[in-house]
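What follows is the residue order along each chain.
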Amino acid sequence: ERLDFLNNTYESINNIFENRGLVSCWKNNKNLYRKVNEYFWDNFKTINRVFTNKTTNQMEASYTLVFNDNEIFLAFSNCYNFNIEYFQYFIYLDILKTSAFHAKNKDIELNAGRGNFSYKSRMGFTPVPMYALVNAPDWSPKNNNDISESERVTLYGRDFGYNLS
């Protein structure tokens, strides 16, 4: 079941980016996508939610929440059907509802990650600096084109990237 979920979400993510003339950062990193998901599943409580069209049985959206004692992290959230009006908005409402229901205490925070994608800003999420060290030879860092250079400098206090070599 895990492998089916991974394969289906991986393919759907890449397809929706290709349909918009874009390339997903996971396109050439299927093994890393699997490792990231498996790490979350093996080390934290997670919820993988899938929205399926009852008529076509097609996966229309999915998200993954990762829980610890201090926060709930929205690791992945993807809408695969942009033809349903307000669908992304309802996905975020479901994320908020599911997080609130499963939170261990009222002080736990929902972290939707960095970046200003889809409905994040409309739902009150603000981008915050976040850093990652990736030890994967097939991962190539690149600019996030979803925010402008001036927004990136304001957010991170520096230009893109840092090389530790």
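Scoring rules and cut-offs
- Residues numbered from 1 in each chain as written.
- Predicted model: local features only at pLDDT ≥ 70, side-chain atom pairs only at ≥ 80, totals over all residues.
- Heavy atoms only, no water.
- Core = buried A, V, L, I, M, F, W, Y, C linked by side-chain atoms within 4.5 Å.
- Buried < 20%, exposed > 50% of the residue type's maximum accessible area, 1.4 Å probe, protein only.
- Helix = DSSP H or I, 4+ residues; strand = E, 2+ residues; numbered from the N terminus.
- 1 Å grid on protein atoms, 1.4 Å probe; cavity = no way out; pocket = protein on both sides within 12 Å on 5 of 7 lines; lining within 4 Å.
- Points joined across faces, edges and corners; volume = space filled by probe spheres on them.
- Nonpolar A, V, L, I, M, F, W, Y, C, P; charged D, E, K, R; others polar.
- Salt bridge = Lys/Arg side-chain N within 4 Å of Asp/Glu carboxyl O.

A. Region of the structure containing the nonpolar core. Ranked by size, the top nonpolar core spans 16 residues in total, and within it Trp26, Tyr33 and Ala75 carry the most contacts. Elements supplying a minimum of two residues to this core: helix H1 (2-19), helix H2 (30-43), strand S2 (59-67) and strand S3 (71-79). With five residues, H1 is the single largest residue contributor to this core. Grouped together as the second largest cluster of nonpolar side chains are 15 residues, Leu74, Cys79, Ile91 and Ala112 included.

B. Representation of the layout of surface pockets in the model. Approximately 230 Å³ is the volume found for the second largest pocket. Every residue lining the second largest pocket is counted, 14 residues in all, and those nearest its centre are Ser12, Gln58, Met59, Glu60 and Tyr80. Elements that contribute at least two residues to the lining of the second largest pocket include exactly H1, strand S1 (45-52) and S2. At seven residues, the largest contribution of residues to the lining of the second largest pocket is made by H1. In the lining of the second largest pocket, the residues fall into five nonpolar, seven polar and two charged.

C. Structural detail: the pattern of salt bridges. Applying the stated criterion across every chain, the model contains four salt bridges. Ionic pairing is found between arginine 49 and aspartate 94, a salt bridge with its closest N-O pair at 2.7 Å. With arginine 49 in strand S1 and aspartate 94 in helix H3 (residues 87-102), this residue pair connects regions lying 45 residues apart in the sequence. When its relative accessible area of 34% is taken as the criterion, arginine 49 is described as partly exposed.

These values are about where atoms sit, not about what they do.
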